[in-house]
Amino acid sequence: MNAELKYKKDFPIFSFWEEKGRPLVYLDSAATAQMPDVVVAAVKEFQESARANVHRGIYSLSEEATEKYEGARVSVARFLNARAPEEIVFTRNTTESINLLAYSLGKSFFKKGDRIILSRAEHHSNFLPWQMLRDEKGIMLDIVDPDENGEISLSSIEEALTKNTRLAAFSHVSHVFGTINQIEEMGTLFRKNNILFVVDGAQSIAHMSIDVQRINADFFAFSGHKIGAPMGIGVLYGRKEIFESLEPFMRGGGMIQEVFIEKSRWEDIPARFEAGTPNVEGAIGLAAALEYIEGVGYDAIQKIDRGLTTAIVDSLCQMPGVRVYGPKDPEKRGGVVSFSIDGIHPHDLATVLSRDGVSIRAGHHCAMPLMEFLGVPALARASVWVYNTPRDVKELVRGVENAIRILYPVTRKSRA
Amino acid sequence: MEDFLYQDRILDEYRAPRNHGLRDDFTHQAKAANPVCGDSIIVRLKIENGIVEEVSFKNIGCVISTASASLFLAFIKGRAVKDIHAFGPDTPLSLLKIPLTPGRLKCGTLALEVVQKAL
């Protein structure tokens, strides 16, 4: 078999479109990754053989569902090198994980005048929850700017720290620049200064091994759908000592020890943060996705990432009027390449590419403060994962050349 | 209706939009933006006796929103304000004569929005 297709064949969506005569050139995995067949099978198996509510039934089917659900938690804990499964809370996605955290920390942890440090390059989901705390709890935000290569220097973080800084929220890998941030060094710095460290792992989980203890993360959030798991399942890892001290985010079934009309007592973690029937098939699919990634290995994934992103950067840089954002050093880049073309709106580019079967992201990437900072209305972004091949890069390059040919503006002159 | 958005008729409007560049003689002005795209537009209208006598605009935007602004502003010139108030999204879209996907519809209607805001 063609070595390039080694992993592509594991993802049924590609053969589906191939057979329809419209092969998919999918370069938007940073938004949502495709699902491998083993995950499809795991979810299907659960629905067909073990579907029941968890933690409720006394009957064997419910016990089996519970076992699978809790088994998924153990898998995630092992995958992240958490110290215990209780440190893993299932959520819908990264967004819910960070909102949960901000809400719960806002209840008891923060006091007026405390400060939070974060970067201008954060996704809105790692900015808005903290902005909410600023507006509602009188907390101040300190914003660190990336440099011209989309990198955040440790010295700029150190300069922005104050004695009132109590939390730091940074993405592990930037969803716009692709920068792999110096998360380990940041973690050491924040731990030394007794600052809670929240890591948005949405863009790293699919591309590099995560060890929450090594990076000194107090919290680590990610979404399942970015690593081939179903949509609607996400994770919030939290260091036990801190997690245990927090108030619940949502209240309802499954998260209480006892309820009286006058007062109630909450369950221990992780149940305290999982009110209502959880996404059991999502958790099972997530465990299967992690197993798939372990089978491929992060070394292989990074080799693919690096080869393809370098090829994309090199090709785009040779085109007239194209500007590529992010680190110059390929070692510092994850699976993301954002770019702009003088005089061509990214939405027009994406529409022309779509006609050629090439899927890229175009827009503000849920990072409007960063777009303003860069002075662009929007950017185009190509992102890769394990199934992408040099052929995909060729199609992208051909598509961009075609788009430039069609769209390139002559000097704009007004007609009467 | 041709299926390809970027046909010459549309690209011509984009490359040389009519009434582009803000005029100093105006009576009404408005700004609008489509934050999803990062698009923004300013229109200036000169209205006399309930009739739009002059139009001009300036924008940052994609091919579709620029072409739509060019076509729509040329279309309303000389028309009665009360008629323009009655226009819905179909008016600018029918001037474009291209099929827009749901994600691009707003590009085709931003000009209508800003004009109605100015009136």
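Model, not experiment: these values are computed from the prediction.

When the UniProt feature table is mapped to this numbering, "domain: Aminotransferase class V" (unreviewed entry) covers residues 25-396 of chain A. Each end of residues 25-396 of chain A is marked by a C-alpha atom, and these two atoms are 8 Å apart; helix forms 38% of the span and strand 17%.

As a further point, take the pattern of salt bridges. Residue and element names in this part refer to chain A. As enumerated under the stated definition, the model contains 34 salt bridges over all chains in all. Asp114 serves as the salt-bridge partner of Lys111, at 3.2 Å between the closest nitrogen and oxygen. Its relative accessible area of 2% is what places Asp114 among the buried residues. For the salt bridge of Glu151 with Lys332, the shortest nitrogen-to-oxygen distance reads 3.2 Å.

Moving on, we get to the packing of aromatic side chains. Per the stated rule, a full pass over the model turns up 18 aromatic pairs over all chains. Arranged with centres 5.9 Å apart and planes meeting at 15°, the rings of Phe170 of chain A and Phe190 of chain A form a pair that is stacked. A residue pair is termed long-range when its members are at least 10 positions apart, and Phe170 of chain A in strand 5 (residues 165-171) and Phe190 of chain A in helix 7 (residues 183-192) qualify at 20 residues. When sorted by exposure, Phe170 of chain A lands in the same class as Phe190 of chain A, which is buried. Members of the aromatic cluster, each reached through a chain of ring pairs, are Phe11, Phe14, Tyr292, Trp385 and Tyr387 of chain A. Lying over the aromatic face of Phe14 of chain A, Lys8 of chain A brings its terminal NZ or CZ to 5.0 Å of the ring centre. Against the face of Phe75 of chain B rests Arg79 of chain B, its NZ or CZ located 3.9 Å from the ring centre.

Basis of the calculations
Residues numbered from 1 in each chain as written. Chains lettered and ligands numbered in written order. Predicted model: local features only at pLDDT ≥ 70, side-chain atom pairs only at ≥ 80, totals over all residues. Heavy atoms only, no water. UniProt positions renumbered as here; feature names shortened; annotations may be inferred. Helix = DSSP H or I, 4+ residues; strand = E, 2+ residues; numbered from the N terminus. Salt bridge = Lys/Arg side-chain N within 4 Å of Asp/Glu carboxyl O. Buried < 20%, exposed > 50% of the residue type's maximum accessible area, 1.4 Å probe, protein only. Phe/Tyr/Trp six-rings, centres within 6.5 Å; stacked < 30°, edge-to-face > 60°. Lys NZ or Arg CZ within 6 Å of the ring centre and 35° of its normal.

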